[in-house]
Amino acid sequence: MFYKEDSDYVTGVYRCKDSIKNLKIRVRLQHDKSSFIPLPQFQQDESDIQSTPRPHNEGLEMEERTFSWQEKVFSPFEISYYRYAGNCHTALEEKYHKAVVELCRESTPNNRLFTYTDGDDFTDMEETNQSVTTDAKPLMTPLVEGMSELRRRHKFGHRKSYRKDIDFSKRNIVDYAPNVELKKKNHLLQTSLQTLYILADLSVKDSDENWVGKSEYVLCTIRWDSVMGVLTVTPDFTSHSQSAQINGVEPYRIEVDGDARNTYRYWIEHASVDMSQEERDKEFAVINKLYEHHLDIRQLQVGSEFEMPRHGILQVHVLCEITSAQYFEYDHLFVHYFFELPKGWSCDTAKQLSGVTQTCHSRSTGIANFSYLVELTLTFNLEVLQSDRDVLLSWPQMFIEVLSVDSWNRYRTEGYGYISLPSSPGQHTIIVSTWRPLSKSPIGEMRRFFIGGSPELEDPSFVGIPSNFEDSRLSKHGLHTVTSGNVILKFNILHQSQALIGSSVGTDGGGDTRINKHSTFLLERLSAATLVNSVNAVLIAFKRARERMLKAKEGLES
């Protein structure tokens, strides 16, 4: 346990732009012997200490070591465990076996400080089981227990079978009846965090020359988030703690097995080597060249300027979102939409003019949320208004057909609707009211309920004004319809033309789109061109009528 108060036991969070490989952490561990009550386990003769084989330097009063990121330092138990090749089965364990054998050849002294890297099967149980609430007896739900089990890695030290006891030829590749433990093992949370544990082996000898006591005390936990570039140190560096700012550098304390007479103090210090000014200049130069290279590639792909349409061309960029549909009779709705372009309008990609949304279940709210995006670019040639007198300015129309399908694949037509695209740029929210044809007899409604199917329009553009309609009057009398639900659409309209250079678009106090007086020039030009064509058509018709009247008058005089 840590002897420091909870207010001093803090976690340091640092934003790090440098490579994590350059991180160095120095840990100093010091043993404090009580001057009042001597401990027999620390009163051995020098001859006994030298003759007795021990897994670490028991008589060491001060130990200091500098750790690099993901540096593996073996504990006394790991050295005795990995020394035997039969305990090593995986590639990582075989790597540890070679390192331990080389370490034993060099006769390196076994110290108290050691580490567990991110690849080791170790988890700080006290930290994992720490409650996130202030309740003394928190409620452990199955969800809390499952998430805790997912975050927990198996602690090191379980007995493994020897290599000779395993028959690799009979190993099952696929387990068709996995148990709970296997499911938890194969469904771990995948995160970008890497963890490094720095621990101390504080076990002591008893009177029978046996090592007793807890051998693993977590001194520091270091986590690195490679995506966010955040380094977390728990507990924080002693030089940055709250007490260090008041009383100097105050170390952390550990009581071995809860015995206040046998305590250890340790310091956690940041020991990374600072870069020289020459190295910083070189690094900045390399980064600047890299940024310039990426900027050149981006300019080659995107270009330095926007592509402006040629003179006399109006481009309308439409970003439409089919937000939701509500108040329809049946559930599992989907929307079929298509755009109809009047004469003078064109679209580079014809596939963008029609589409079908996904099927959405409205549950009990009666609202089906689609959030389906539609993007297209329309082009209108302004010269058509002057060359062709029969062309009048009209905006494209969007036709909507709402359908439903159930688990028995019974399709029903729920409603038809249409709108004209907004003529002004900016953001628009439009609610489209729909209707559907109604059968003249009850048999049609019964067929719709039991086996699906309902009256449909042969031409969906009949909802509005069909493009091939040439008469002066459009009559829909005799068509029986019934009101259906609503479809909510959101538009973001962008106009691009050389005539709009220098104009701006804003919003008024109520949130409605307000077009600058300079930007109305193009719309006024379009309206004026339409008006001129209309006036010219009237004048031509009047001229022809006057010529016919003069010819008739000459015939009467003769």
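Just so you know, these numbers come straight off a predicted model, no measurement behind them.

> Describe the overall build of the chain, and please don't skip the residues or the numbers.
In terms of helices and strands, the chain carries 11 helices and 22 strands. Taking as baseline every contact in the chain between residues at least 6 positions apart, the subset at least 24 positions apart corresponds to 74%. Roughly 35800 Å² of accessible area belongs to the chain as shown, and the carbon and sulfur atoms make up 53% of that amount.

> Report on the packing of aromatic side chains, specifying residues and quantitative values.
Taken as a whole and assessed by the stated rule, the structure comprises 17 aromatic pairs. Ring geometry for Tyr81 versus Tyr82: centroids 5.5 Å apart, planes at 80°, classification edge-to-face. Taking relative accessible area as the criterion, Tyr82 reaches 4% and is therefore assigned buried. Three or more aromatic residues joined by ring pairs form one cluster here, namely Phe74, Phe77, Tyr81, Tyr82 and Tyr96. When the ring centre of Trp267 is taken as origin, the NZ or CZ atom of Arg28, which lies over that ring, is 4.6 Å away. Lying across the ring of Phe462, Lys476 places its NZ or CZ 5.0 Å from the centre.

> Can you tell me about the pairing of strand S17 (residues 397-405), naming the residues and giving the values?
The element S17 is largely enclosed, with a buried count of nine among its nine residues. Side chains of S17 alternate between two faces, with Gln397, Phe399, Glu401, Leu403 and Val405 and Met398, Ile400, Val402 and Ser404 buried alike. For S17 and strand S18 (residues 411-420), the ladder comprises nine bridges, and the chain directions are antiparallel. Considered in S18, the bridge of Met398 is made with Ile419. Linking S17 to S18, which pair antiparallel, is a turn of five residues; within it Asn409 sits at a positive phi near 60°.

> Tell me what's going on with unusual backbone geometry, and back it up with residues and numbers.
For the bond running from Thr234 to Pro235, omega is -5°, close enough to zero to count as cis. Locating Pro235 in the fold gives a position in the loop between strand S9 (230-234) and helix H7 (244-247). We note that Gln70 has phi near 60°; this positive angle belongs to a residue other than glycine. Along the chain, Gln70 falls in the loop between strand S3 (62-68) and helix H2 (76-82). You will see that His332, though not glycine, has its phi angle at about 55°, which is positive.

> Which residues make up the side chain of Glu401, and what values do they have?
Within the element layout of this structure, Glu401 appears in strand S17. Within polar-contact distance, the side chain of Glu401 engages the side chain of Tyr416 at 3.4 Å. Once residues within four sequence positions are removed from consideration, Glu401 is found in contact with Phe334, Val335, His336, Thr413, Gly415 and Tyr416.

> Could you give an account of the side chain of Gln496, naming the residues involved and the relevant values?
Summarising the element assignment, Gln496 is placed in strand S20 (residues 481-496). Within the structure, Gln496 has its side chain in polar contact with the side chain of His317 (distance 3.0 Å).

> Let's hear about the sheet that holds strand S8 (residues 217-225): which residues, and what values?
In space, the five strands of this open sheet follow the order S1-S9-S8-S5-S4, with antiparallel pairing throughout. At either end of the open sheet lies a strand with only one pairing partner, and these are strand S1 (12-15) and strand S4 (113-116). Strand-to-strand twist of the sheet, defined as the mean angle between neighbouring strand axes without regard to direction, takes the value 20°. As defined by bridge partners, S1 adjoins S9 across four bridges and the pair is classed as antiparallel. Opposite Val13, over in S9, you have Thr232 as the bridge partner.

Thresholds applied
- Residues numbered from 1 in each chain as written.
- Predicted model: local features only at pLDDT ≥ 70, side-chain atom pairs only at ≥ 80, totals over all residues.
- Heavy atoms only, no water.
- Helix = DSSP H or I, 4+ residues; strand = E, 2+ residues; numbered from the N terminus.
- Contact = heavy atoms within 4.5 Å.
- Areas by Shrake-Rupley, 256 points an atom, 1.4 Å probe, with all protein chains shown as cover.
- Phe/Tyr/Trp six-rings, centres within 6.5 Å; stacked < 30°, edge-to-face > 60°.
- Buried < 20%, exposed > 50% of the residue type's maximum accessible area, 1.4 Å probe, protein only.
- Lys NZ or Arg CZ within 6 Å of the ring centre and 35° of its normal.
- Pairing = 2+ DSSP bridges.
- Polar contact = N/O pair within 3.5 Å; in protein donor to acceptor, adjacent residues only side chain to side chain.
- Axes fitted to C-alpha atoms, helices over the stretch in contact; angles between N-to-C directions.

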